[in-house]
Amino acid sequence: MKFTLSWLKDHLDTTASLDEICEVLNDIGLEVEGVEDRASRLKEFTLAKVTHAEKHPEADRLRVCKVETDEGEMQIICGAPNARAGITVVLAKPGSYIPGLDITIGVGKIRGIESYGMMASERELELSDEHDGIIELPSGEVGDRFVDWLAANDPSKVDPVIEIAITPNRQDALGVRGVARDLAARGLGTLKPLDDVSVPGQFPSPIGVSIDADTLDDCPHFTGRLIKGVKNGPSPQWLQDRLRAIGLRPISALVDVTNFFTYDQNRPLHVFDADKVTGNLRVHKAKGGETLVALDDKEYMFQPGQIAISDDEAVESIAGIMGGDPTGCTEETVNVFLESAYWDPIRTAFTGRDLKIHSDARYRFERGVDPDYTLPGLEAATQMILDLCGGEASEVVEAGAALNTARSYKLDTARVISLVGMEIPKEEQARILTALGFSATGSGDVLEVWVPSWRRDVQGEADLVEEVARIASLTKLEPQPLRRPKPGVPKAVLTPMQQRERVARRTVAALGYNECVTYSFIDKASAALFGGGTDDVMLENPISSEMSHMRPALLPGLLQAAARNQARGFMDLALFEVGAAFHGGEPTEQHLQVAGLLIGQSGPRDPHGSRRPVDLFDVKADVEAVLAAMGAPAKVQILRDGDGWWHPGRHGRICLGPKKTLGVFGELHPKVLAEMDVKGPAMAFTLFPEEIPMPRSAGASRGALDMADLQAVERDFAFVVDAGVEAVNLANAAAGADKKLIEDVRIFDEFTGERAEAQMGAGKKSVALSVRLQPRDKTLTEEEIEAVGAKIVEKVAKATGGVLRG
């Protein structure tokens, strides 16, 4: 939406500067997209007077002129035919930028004679297309600025042009008066009253109008009148200047009047050449197939249901969008039928979209114009046509009636203060709404607000609050700290489980894994591989066949992500995800998991040969780190009875007991990888944060550091056991010999193979343990150490059948 400053001041009585107006427009929601200050590009030009002019000795069409300037007399070579002594001209001195030529002039030599500047034409200064000669001014003193002379004698030439962005809900701001109304409500001036125009009809209109019964919803009101004896020619200069300033091309007085009202009052109009209209005009729905050559010289075909205006013979206009060329006005037009109607916004938008027509009329009607201004707009436009073109107006013909847009809403002024966060008195709220055209009455804190006909976007109390807030200016809003509901340190926002989830996510990421966020839905085949795919977790209306079931675990999604990455050449992967898995169809049948996946090599290639394939001990170390971060007990059991998607001999189930599983880690089964199209081997882990016991103390502080003041004792034991015995069973048995005294048991050696069997017998191996004893009360004697050692040997022998190696 474009308009000039002087056009705005036709509706707004204000002394505000251009910068102040732009600042307020931005503040009230009418964002200024640009300002074209045409005076700024002319500020370097001054007035000068030609005192002498003679023919150039080397060119017939050039003249050597002596020019009086504010810096003394200058010599300028000029080729304009009107260059002569005695005229006042516009001078461009060396170094001045000429906008019409896009050059910066300097001192030049033309045919051997130096020229110290230039006398400009209107086209060179982008004032008009006139370039037959240089500018001759009827008045002005030497040295005066040209912009000052224009401001006093021809202000339209330097009138700033403001362009604002209009949101879809502010259709009232598509007219200059609507913009002025908002500025006046802010207090930037006073809104000038509109003249109440009523043109009495001198004779009945020979052209009648009607609306078909099935079309009244799309065109509830249609008005018009005949104006005979007009003289259609160029519009006056002030009107042409305004239209040119906002980017419109002046066409003729009749057409320029309709364009003026489109931008001035947001009231699109149309004029028919009455002598080209056959019979009466009828508004109706098209049957489909009708054609019309519109004013843009393109032929359009109507689809069924689109609204058309027809005379007794053919379609003459696309309702609310564009008129037809056959009844368009020309310089020969002497009788004109002026139309002002209200068209349904939705129907107008559909028709314009289907026909691919973009016009100022469509842009406004599809957003909604003021239905109550249909007849007043006709009267005001009639008066302007009579003033500019002469003629005689008929009586108004009318079909339908103006829409009843009367509606009111309750506005709680105290709630406005609460929502906006600003202290806006009730009286100020009522003043703002009244200045915007609303009617606000009521007692107490509640106002009854009647909405004006031009604000179809206001549909409730929330919209009224918004109007008050934007005019009151949210830039005045002062930040206020939130009040605490209770004094003291506030409680934690996150629950303990949410905190545990956050710690797990950060820890795994710190270990070098990349987080994935996969869909909670997977295909049935993938779900079945991980114990799911049953009917109770099947979706009734899945997005696709590949998202038919709720996931039973996070690993299927990570494996699918790995397959996609491997297909694109990324073979070394470390992925993880934290989220819910589902073991049933009820809302409570889900559990939190932390899953990770390692595939490929441990790092990039290097000259030291440290690169190696990842193994289950990599994920075991990562699992231990994550469990420790989440607060899991340090002493756990590792069993090998995991689910079928784990490699049977290369995984471990971390437990606090046979039924309390904290997680599983290890290598995934090759059959699962083949089904998921993943190139293995692949190491993975799945942790269950909800299974980790909550700490007994809910406090944030740590307990006292418990350090023993007595020296620890370490003893090594080597046991000969069957080759199938797991080393961890020996460590667990040794740790249980004296739980109070034994602080740690570590496996530090395993002797297997043919050499071991040769020394210890077939099917045997040796496992070496290091046991750390930490006394608390007194230093251990040799007898006490020997007694604990005997218990360890007894426990290991009972649990595994192992004997001390000789």
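Above this note sits the structure.
Everything numeric in this text was worked out from a predicted model, so none of it was measured.

Peer 1: Account for the overall build of the protein, with residues named and values stated.
Peer 2: Regarding its fold elements, the protein presents 20 helices and 42 strands. By principal-axis analysis of the C-alpha atoms, the protein measures approximately 130 × 80 × 60 Å. The buried share of the protein, taken over its 806 residues, is 48%. Considering only contacts in the protein between residues 6 or more positions apart, those separated by 24 or more positions represent 68%.

Peer 1: Would you mind going over the sheet that holds strand β5 (residues 63-69) in detail, with residue names and values included?
Peer 2: Taken in spatial order, the 5 strands line up as β6-β5-β4-β7-β12 in an open sheet, and their pairing is antiparallel. A single partner strand is all that each edge strand has here, and the edge strands are β6 (72-78) and β12 (118-119). Examined bridge by bridge, strand β7 (residues 88-92) and β12 share 2 bridges and lie antiparallel to one another. Bridge pairing in β12 links L91 to M119.

Peer 1: Lay out helix α9 (residues 374-389) with the relevant residues and their values.
Peer 2: Side chains of residues three or four places apart in an α-helix project in the same direction, reflecting 3.6 residues per turn. A rise of 1.5 Å per residue sets the reference length of α9, with its 16 residues, at 22 Å; its end C-alpha atoms lie 22 Å apart and thus fit the reference within 8%. Looking one or two places after α9, you find G390, whose phi comes out positive at around 75 degrees.

Peer 1: So what's going on with the nonpolar core? Residues and values would help.
Peer 2: The nonpolar side chains of soluble globular proteins are, as a tendency, buried together. Core analysis: the largest hydrophobic core is formed by 76 residues, its most contacted members being F3, I21, L25, I164, V179, L183 and F261. No other element matches the 7 residues that α9 contributes to this core. What V179 contacts, discounting residues up to four positions off in sequence, is F3, L8, L25, L30, I164 and A173.

Peer 1: Quick one: what's the story with helix α15 (residues 555-567), residue by residue and with numbers?
Peer 2: In a regular helix each residue adds 1.5 Å, so 13 residues correspond to 18 Å; α15 covers 18 Å between its end C-alpha atoms and thus fits that length. Along α15, the positions that sit buried rather than exposed are L555, P556, G557, L558, L559, A561, A562, A563 and Q566. Of the residues flanking the end of α15, it is G569, one or two places downstream, whose phi is positive at about 95 degrees.

Peer 1: Now, about the pairing of strand β39 (residues 713-722): what can you tell me, with residues and values included?
Peer 2: Looking along a regular strand, one sees the side chains alternate between the two faces of the sheet. Examined bridge by bridge, β39 and strand β41 (residues 764-773) share 10 bridges and lie antiparallel to one another. Its bridge partner lying in β41, R715 is registered against V771.

Peer 1: Please set out the sheet that holds strand β40 (residues 742-751) residue by residue, giving values where relevant.
Peer 2: If you walk across this open sheet you meet the 4 strands as β40-β41-β39-β42, and the pairing is antiparallel. Edge positions in the sheet fall to β40 and β42 (803-804), since each of these pairs with one other strand and no more. Across the sheet, helix α18 (residues 727-735) is in contact with β39, β40 and β41; its angle to β40 comes to roughly 150 degrees.

Peer 1: Outline the pattern of salt bridges, supporting the account with residue identities and numerical values.
Peer 2: Taken as a whole, this structure holds 44 salt bridges when the rule is applied. E126 is the partner of R41 in a salt bridge, and the nearest nitrogen-oxygen pair spans 3.6 Å. A residue pair is termed long-range when its members are at least 10 positions apart, and R41 in the loop between β3 (32-36) and β4 (46-55) and E126 in the loop between β12 and α3 (146-153) qualify at 85 residues. A relative accessible area of 24% places R41 in the partly exposed class. One network of salt bridges, in which partners are shared, links R170, D172, D182, R455, D457, E467 and R470.

Peer 1: Go over the side chain of D523, please, and point to the residues and values.
Peer 2: As for its placement among the helices and strands, D523 is situated in the loop between β31 (521-522) and α14 (524-529). Of the polar contacts made by the side chain of D523, one reaches the side chain of S526; its length is 2.8 Å. For D523, the residues in contact, after removing those within four places along its chain, are S545, E546, M547, S548 and Q560.

Peer 1: Tell me what's going on with the side chain of R455, and back it up with residues and numbers.
Peer 2: Position of R455 relative to the elements: it lies in the loop between β29 (446-450) and α12 (461-472). Look at R455 and you get buried, because its relative accessible area is 1%. Ignoring any residue separated from it by four or fewer positions in sequence, one finds R455 in contact with R170, Q171, D172, R407, F438, E467 and R470.

Peer 1: Describe the packing of aromatic side chains, listing the residues and the values that go with them.
Peer 2: Both the distance between ring centres and the angle between the ring planes are used here to describe each pair of aromatic rings. Tallied over the entire structure, the rule returns 9 aromatic pairs. Plain terms: the ring middles of W7 and F260 are 5.5 Å apart, the flat faces sit at 5 degrees to each other, and that makes the pair stacked. Taken as a pair, W7 in helix α1 (residues 5-9) and F260 in helix α6 (residues 253-264) lie far apart in primary sequence, 253 residues in all. Taking relative accessible area as the criterion, W7 reaches 0% and is therefore assigned buried. Seen from their ring centres, F146 and W149 are 6.4 Å apart, and the 15 degrees between their planes marks the pair as stacked. Separated by 3 residues within a single helix, F146 and W149 lie in helix α3, roughly one turn from each other. Taken individually, F146 and W149 each receive the classification buried, so the pair is uniform in this respect. Put simply, the rings of W7, W238, F260 and F261 touch in pairs and so form one group of aromatic residues. The side chain of R181 reaches across the aromatic face of W454, ending 4.2 Å from its centre.

Peer 1: Account for the environment of A173, naming residues and giving values.
Peer 2: Checked against the element boundaries, A173 lands in the loop between β13 (161-164) and α4 (176-186). Here the alpha-carbon distance between A173 and Q265, two residues 92 residues apart in the chain, equals 9.2 Å. Once residues within four sequence positions are removed from consideration, A173 is found in contact with M1, L30, I164, I166 and V179.

Peer 1: I'd love a proper account of the environment of A708, names of residues and values included.
Peer 2: Here A708 is to be found in the loop between β38 (682-687) and β39. Judged by relative accessible area, which is 32%, A708 ranks as partly exposed. Apart from the residues within four sequence positions on either side, A708 is in contact with Q774, P775 and R776.

Peer 1: Please give an account of a positive patch on the surface that cites residues and values.
Peer 2: Together, K635, K739, K795 and K798 give the surface a local cluster of positive charge. Relative to the elements of secondary structure, K739 occurs in the loop between α18 and β40. A relative accessible area of 68% means that K739 is categorised as exposed.

Peer 1: Run through the pairing of strand β34 (residues 590-599), naming residues and quoting values.
Peer 2: Counting buried residues in β34 gives 9 out of 10 residues, a clear majority hidden from the surface. Two strands pair when backbone bridges link them, and β34 and β38 are joined in this way by 6 bridges, in the antiparallel orientation. Pairing of A595 across the sheet is with T686, part of β38.

Peer 1: Requested: an account of the state of the cysteines, with residues and values cited.
Peer 2: Summed over all chains, the structure comprises 0 disulfides. The cysteine C389 is free of any disulfide, with C329 supplying the nearest cysteine sulfur at 9.5 Å. Relative accessible area serves as the criterion here: at 6%, C389 is assigned to the buried category.

Rules used in this analysis
- Residues numbered from 1 in each chain as written.
- Predicted model: local features only at pLDDT ≥ 70, side-chain atom pairs only at ≥ 80, totals over all residues.
- Heavy atoms only, no water.
- Helix = DSSP H or I, 4+ residues; strand = E, 2+ residues; numbered from the N terminus.
- Buried < 20%, exposed > 50% of the residue type's maximum accessible area, 1.4 Å probe, protein only.
- Contact = heavy atoms within 4.5 Å.
- Pairing = 2+ DSSP bridges.
- Expected span 1.5 Å × (residues − 1).
- Core = buried A, V, L, I, M, F, W, Y, C linked by side-chain atoms within 4.5 Å.
- Axes fitted to C-alpha atoms, helices over the stretch in contact; angles between N-to-C directions.
- Salt bridge = Lys/Arg side-chain N within 4 Å of Asp/Glu carboxyl O.
- Polar contact = N/O pair within 3.5 Å; in protein donor to acceptor, adjacent residues only side chain to side chain.
- Phe/Tyr/Trp six-rings, centres within 6.5 Å; stacked < 30°, edge-to-face > 60°.
- Lys NZ or Arg CZ within 6 Å of the ring centre and 35° of its normal.
- Patch = residues over 30% accessible without salt bridge, like charges linked within 9 Å, V, L, I, M, F, W, Y side chains within 5 Å.
- Areas by Shrake-Rupley, 256 points an atom, 1.4 Å probe, with all protein chains shown as cover.
- Lys, Arg positive; Asp, Glu negative; His and termini not counted.
- Charge placed at Lys NZ, Arg CZ, Asp CG, Glu CD.
- Disulfide = S-S within 2.5 Å.

Any link to function would need more than the numbers given here.
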